[in-house]
Amino acid sequence: MCSNERMLAAYSDQDSVWEGVPAGFEPADAELRGKFLLGGVAAAARELGGPPRVLDLGCGEGYFTARLARAGAIALGVDVSAEALRRARSRHPQLQLQAIDARSAWPLADASFDLVWAGEVIEHVADTAGWLSEVRRVLRPRGQLLLSTPAHGRVRMLALALSGRRFDRHFDPLSDHLRFYSARSLRRLLADFGFDDIDVRAAGGAAAARRLLLARARRKRW
């Protein structure tokens, strides 16, 4: 499981999922993902000439929302879990945090963010089409989506296929991971939902078996 980050998973009770997550955990690959995120925020600030409005989608306990705020971004963290938001408010009372419902439109205005960050989220999403449509809606034209998700390239898939036990554990039908992306499939998905200037790269681990995908894309103007 990706650092126990449980956003928009196909669970009937998100809070029960968070009960199994240790309080105060540091997300997996936090520094790698944080460097990617803050690099995108810095670039957006230069482009805009001021602090960008950033949505941390699936903020959990607020780890990345806090880093965004410290970097000078105007950050809002949202999650579907009341327990995750309770923990975030307790740990970071200065943050702007808000609940959203995975089953309906988000209570956020159209084109209200310069950048959306979704760290280890998209693989948990049951309604990917609806989720990406909402991401696109809340981004301003030419705004950026930054995301990370586990990598499922050919080398990793081959390694899993060679071990029945590892394959069954990885693709456990009761797991909170519902989608599995390669760089190619993620790039195609983003293009299909109105994004361009798409860059997807593998990161983390040995060169032949990267464990993470880092993606950036811009919302098309129309």
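The structure displayed is predicted, hence computed values, not measured ones.

Cut-offs used in this document
- Residues numbered from 1 in each chain as written.
- Predicted model: local features only at pLDDT ≥ 70, side-chain atom pairs only at ≥ 80, totals over all residues.
- Heavy atoms only, no water.
- Helix = DSSP H or I, 4+ residues; strand = E, 2+ residues; numbered from the N terminus.
- Contact = heavy atoms within 4.5 Å.
- pLDDT = per-residue confidence, 0-100.
- Salt bridge = Lys/Arg side-chain N within 4 Å of Asp/Glu carboxyl O.
- Buried < 20%, exposed > 50% of the residue type's maximum accessible area, 1.4 Å probe, protein only.
- Core = buried A, V, L, I, M, F, W, Y, C linked by side-chain atoms within 4.5 Å.
- Right-handed = clockwise from strand over helix to strand, strands pointing away.
- Pairing = 2+ DSSP bridges.
- Polar contact = N/O pair within 3.5 Å; in protein donor to acceptor, adjacent residues only side chain to side chain.

Here's the deal with the side chain of Q144
Link 1 in the chain: Within the element layout of this structure, Q144 appears in strand β5 (residues 139–150).
Link 2 in the chain: Among all residues touching Q144, those that are not within four sequence positions of it are D114, L115, V116, L139, R216, A217 and R218.

Topic: the confidence of the model for the protein chain
Link 1 in the chain: In the predicted model, the protein chain carries a mean pLDDT of 85, and 80% of its residues have values of at least 70.
Link 2 in the chain: Confidence drops under a pLDDT of 50 for residues 1–12, and excluding neighbours within four residues, the segment shows 51 contacts in the predicted structure.

Overview of the pattern of salt bridges
Link 1 in the chain: For the structure on display, the rule yields 15 salt bridges.
Link 2 in the chain: For E47, the salt bridge goes to R140, with nearest N and O atoms at 3.3 Å. Of this pair, E47 sits in helix α2 (residues 30–48) while R140 sits in strand β5, placing them 93 residues apart in sequence.
Link 3 in the chain: For E47, a relative accessible area of 45% corresponds to the partly exposed category.
Link 4 in the chain: Accessibility expressed as a relative area gives 15% for R140, which makes it buried.
Link 5 in the chain: E83 is the partner of R86 in a salt bridge, and the nearest nitrogen-oxygen pair spans 2.8 Å. Note that R86 and E83 are positioned in helix α4 (residues 82–91) at a spacing of 3 residues, about one turn of the helix.
Link 6 in the chain: Residue class for E83 comes out buried when judged on its relative accessible area of 18%.

Things to note about the nonpolar core
Link 1 in the chain: Within the largest apolar cluster, 31 residues are counted, with the highest numbers of intra-cluster contacts made by L57, W131, V135, L145 and L186.
Link 2 in the chain: Taken together, the elements giving at least two residues each to this core come down to β1 (53–57), β2 (74–79), β4 (113–119), α5 (128–138), β5, α8 (183–192), β6 (195–203) and β7 (212–219).
Link 3 in the chain: Residue contributions to this core peak at 4 residues, all from α5.
Link 4 in the chain: Contact partners of L186, with chain neighbours within four places excluded, come to I122, L147, T149, Y181, V200, L213 and A215.

So, the pairing of β2
Link 1 in the chain: Most of β2 sits inside the fold, with 5 of its 6 residues counted as buried.
Link 2 in the chain: As a crossover connection, the stretch from β1 through helix α3 (residues 63–70) into β2 is right-handed.
Link 3 in the chain: Note that β2 and strand β3 (residues 96–99) share 4 bridges and pair parallel. Of the residues in β3, the one forming a bridge with L76 is Q96.
Link 4 in the chain: This β-α-β element, β2 to α4 to β3, shows right-handed connectivity.

Section: the side chain of S148
Link 1 in the chain: Within the secondary structure, S148 is located in strand β5.
Link 2 in the chain: For S148, the side chain forms a polar contact with the side chain of E120, separated by 2.7 Å.
Link 3 in the chain: Here S148 is in contact with R33, W117, A118, G119, E120, V121, E123, L212, L213 and L214, once residues within four sequence places are set aside.

Things to note about unusual backbone geometry
Link 1 in the chain: Despite not being glycine, D29 shows a phi value in the positive range, around 55°.
Link 2 in the chain: Positionally, D29 belongs in the loop between α1 (14–18) and α2.
Link 3 in the chain: On the basis of relative accessible area, D29 is assigned to the partly exposed category, the value being 23%.
Link 4 in the chain: At D197, a residue that is not glycine, the phi angle is positive and equals roughly 50°.
Link 5 in the chain: Its location among the elements puts D197 in strand β6.
Link 6 in the chain: With relative accessibility at 49%, the residue D197 sits in the partly exposed group.

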